[in-house]
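# Survey of secondary and tertiary structure
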Amino acid sequence: MSTPSSPLTLELLNTLPLAEAAQRLDGLYEHSPWIVETALQQRPFVSLAAFKHRMVQVVAAAGREPQLALLRAHPELAGKAMVDNSLTAESNHEQSKAGLTHCTPAEFDKIQRLNAEYNTRFGFPFILAVRGPRGTGLPKAEIIATLERRVQGHPDFELAECLRNVHRIAEIRLNDKCGYTPTQGHQVWDWQEALAQHTDAAYAGTGQLTVTYLTEAHLACARQIQADMLAAGCDSATIDAVGNVVGRYESDSYSRNNHGLKAEKTSKTLLTGSHYDTVRNGGKYDGRLGLYVPLACVQALKAQGKRLPFALEIVGFAEEEGQRYKATFLGSGALTGDFDPTWLDQVDADGIAMRDAMAKAGLDVNAIPAIRRDPADYQGFVEVHIEQGPVLNALDIPLGVVTSINASVRYVGEITGMASHAGTTPMGQRRDAAAAVAELILLVEHCATQDGDSVGTVGMLNVPSGSINVIPGRCQFSLDLRAPSDAQRDALEAKVLTGLRMICERRGLHHSLTRTMQASAAPSAPAWQQRWEAAVTALGVPMHRMPSGAGHDAMKLHEIMPQAMLFVRGLNSGISHNPLESTTSDDMQLAVDAFSHLLHQLAQEPTHP
């Protein structure tokens, strides 16, 4: 029999009398027991994650006024309730863990001022899960910076963001009540935090994470990933001729002898991984999450003394972002045999050729062709990745199954008109190049919006030699169009290019376009997508299918083998390529659980394709 002081197990949550279960869960939501009471009516739950999501659904269905009442039931951070000791035990613990009970007078005054400004603007208090993504507490400086940023937000966004933070607070409190720790999620978190200590020399001391191909920081990352792979239980971990870090956990058909691993190959290897380079001032999880989630599975298998009927190969791809050299997907491309030898003669901003950078790093360019994988040796490629977008965050669900990586096409262009005096040229007689590009931007927005899940962006604008009193005679721009299929991308491209031509003809302007990139869509292999779907469903969380608007290493591997991806929810509206990129150790734990489920599901299948 359980006692009130003992952890609340999933079995007890499902079987205790409703009133007793609700009493044991009192305090999950601040002064709002109705959420737990309503959610419990849907018992039994297959997992704590399923119960968490049910509570999210209860709040979503309640409507605006109950939602506002829920937010207003929360105390301000470092506010009056803290000063007069009237916080609930849960809130007091959380604010104390974040150091808010020991603010300096200056910190306290600043938080009070921002709290007042926030409440006046939005009509509810600023709410932040101050125990943070790992549950150990956010630094005060980060809390204050977040409050400063969000006080400028849109009211609708802030309402939703506060509710998301309320749910995160409830998730942590539920973990505490159940004595649950996302141990593997914490391990994945810690691995990524440690790897993020390496940043390019120009960014050292700035707090910015930048790791570009074959810099000292990049090489340090490779060595650390290699060490992490070996420490976690990989049988081997090597750095190949382009800098990819390759770890292998061999199959159960391998036996160890005095000479290392010896085997009779009886099944095909499963390939997984992602990249470890970053954009400039990027985030800690883009790419790297896809290395450490499968590594956590290897660590668990090793600890249990278990092997699978197939080998698992984890590759940390050395380059995906194309930041130092214009050679995007260099790392994964080498595995498909798509390494272009002309890349070796490219020079970076400092005039250093790729060939010389590779030689300095101790890489043998003559060995690059041998990296190519034979598809006959592999079952397929699966990749876990942070979403890099707002969809999962807005839906309040932790995982998404990717249906296809979008097709894309990119251009750089220029519109040419006539530079003339801004004061003396009548509006009807102008040949304004920048105005034409502005019209193009709206056209792209309109066409992509009409086209369902396509997207279009004019991300670069430049008026050469522009002046405040001169009508722009030239305007340079970029164009990025993406869609879930090649046909949909091509149709969008045709509409936009036709529209651009008509804009220029009507305005008496000339334009030029250069296509800089075109990539085909990479639809997920149905069997592998279904395996991810089964894994997510088994966890008791909603199964959400979605396309990937961003490119990934999986789209390169797609050229030679079946692939499918799993997305993990990001915080802060899912922002990526940004220091605010983040996710929780609870969501990373679910990704580890899903990956583990996929491995064991595959192991139980009669054949391995």
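So, here's what we can say about the structure. Nothing here was measured: the structure is a model prediction, and the numbers come from that model.

The rules behind the values
All residue numbers refer to position in the chain's written sequence, counted from 1. Restriction of local features to residues with pLDDT of at least 70 applies here, the model being predicted, together with a cutoff of 80 or more for giving and counting side-chain atom pairs; totals for whole chains, interfaces and linings are based on all residues. To get the side-chain values, all heavy atoms of the structure are used, and hydrogens and water are removed first. A run of H or I in DSSP becomes a helix once it reaches four residues, and a run of E becomes a strand once it reaches two; helices and strands are each numbered from the N terminus. Residue contacts follow a heavy-atom distance rule, with two residues in contact if any of their heavy atoms lie within 4.5 Å. Take the buried residues of types Ala, Val, Leu, Ile, Met, Phe, Trp, Tyr and Cys, join any two whose side-chain atoms come within 4.5 Å, and each joined set is a nonpolar core. For every residue, the accessible area (1.4 Å probe, protein chains only) is compared with the maximum for its type, and the residue is labelled buried under 20%, exposed over 50%, or partly exposed between those bounds. Note on terminology: pairs of cysteine sulfur atoms within 2.5 Å are recorded as disulfides. All axes are obtained by fitting lines to C-alpha atoms, using only the stretch in contact for helices, and the reported angles, taken between N-to-C directions, cover 0 to 180 degrees. Angles are sorted into four bins: roughly parallel if under 35 degrees, roughly antiparallel if over 145, roughly perpendicular if 65 to 115, and oblique for all others. Left-handed describes a crossing whose near helix is turned anticlockwise from the far helix through less than a right angle; right-handed describes the clockwise counterpart. Each residue is assigned to one class: nonpolar for Ala, Val, Leu, Ile, Met, Phe, Trp, Tyr, Cys and Pro, charged for Asp, Glu, Lys and Arg, and polar for all the others, Gly among them. Between N or O atoms, a polar contact is any pair within 3.5 Å; within protein, one atom must be a potential hydrogen donor and the other a potential acceptor, and residues adjacent in sequence are included only when both atoms are from side chains.

## What to know about the environment of Leu-392
Positionally, Leu-392 belongs in helix α16 (residues 391–395). Taking the C-alpha atoms as reference points, Leu-392 and Phe-567, separated by 175 residues in sequence, lie 8.7 Å from one another. The residues contacting Leu-392, other than those within four sequence positions of it, are Glu-387, Ile-397, Pro-398, Leu-399, Gly-400, His-544, Met-546, Phe-567, Val-568 and Arg-569.

## Quick notes on the nonpolar core
Counting residues in hydrophobic clusters, the biggest one holds 97 residues, and the most contacted among them are Tyr-213, Met-354, Leu-399 and Trp-532. In terms of nonpolar packing, the next biggest core, distinct from the first, is built from 51 residues, Leu-13, Leu-70, Phe-124 and Val-130 among them.

## Quick word on the state of the cysteines
This structure, assessed with the given rule, holds zero disulfides. Of the cysteine sulfurs around Cys-221, a residue in no disulfide, the closest is that of Cys-234, at 17 Å. Classification of Cys-221 as buried rests on a relative accessible area of 0%. The thiol sulfur of Cys-447 is not disulfide-bonded, and the nearest other cysteine sulfur, from Cys-504, lies at 15 Å. Classification of Cys-447 as buried rests on a relative accessible area of 7%.

## Brief notes about the packing of helix α11 (residues 183–195) against helix α13 (residues 289–304)
One can describe the packing of α11 onto α13 by two numbers: an axis separation of 9 Å at closest approach and a directional angle of 130°. Compared by their axis directions, α11 and α13 come out oblique. With respect to the hand of their crossing, α11 and α13 are arranged in right-handed fashion. Along its contact with α11, which presents Gln-184, Gln-187, Val-188, Trp-191, Gln-192 and Leu-195, the element α13 presents Leu-289, Tyr-292, Val-293, Leu-295, Ala-296, Gln-299 and Ala-300. Residue composition of the contact of α11 with α13, by class: nine nonpolar, four polar and no charged.

## Some remarks on the packing of helix α19 (residues 526–538) against helix α21 (residues 585–604)
The interhelical angle for the contact between α19 and α21, taken along N-to-C directions, is 120°, at an axis separation of 9 Å. In terms of orientation, α19 lies oblique with respect to α21. Along this stretch, α19 crosses α21, giving a crossing that reads as right-handed. On the side of α19, the interface is formed by Trp-528, Arg-531, Trp-532, Ala-534, Ala-535 and Ala-538, while α21 contributes Ala-594, Phe-595, His-597, Leu-598, Gln-601 and Leu-602.

## Topic: the side chain of Thr-88
Examined against the element boundaries, Thr-88 turns out to sit in the loop between α6 (80–83) and α7 (89–97). You can call Thr-88 buried: its relative accessible area is 18%. Among the polar contacts made by the side chain of Thr-88, one reaches the side chain of Glu-30 at a distance of 3.0 Å. Polar side-chain contacts of Thr-88 include one of 3.2 Å to the backbone nitrogen of Ser-91. In contact with Thr-88, not counting residues within four places along its chain, are Glu-30 and His-31.

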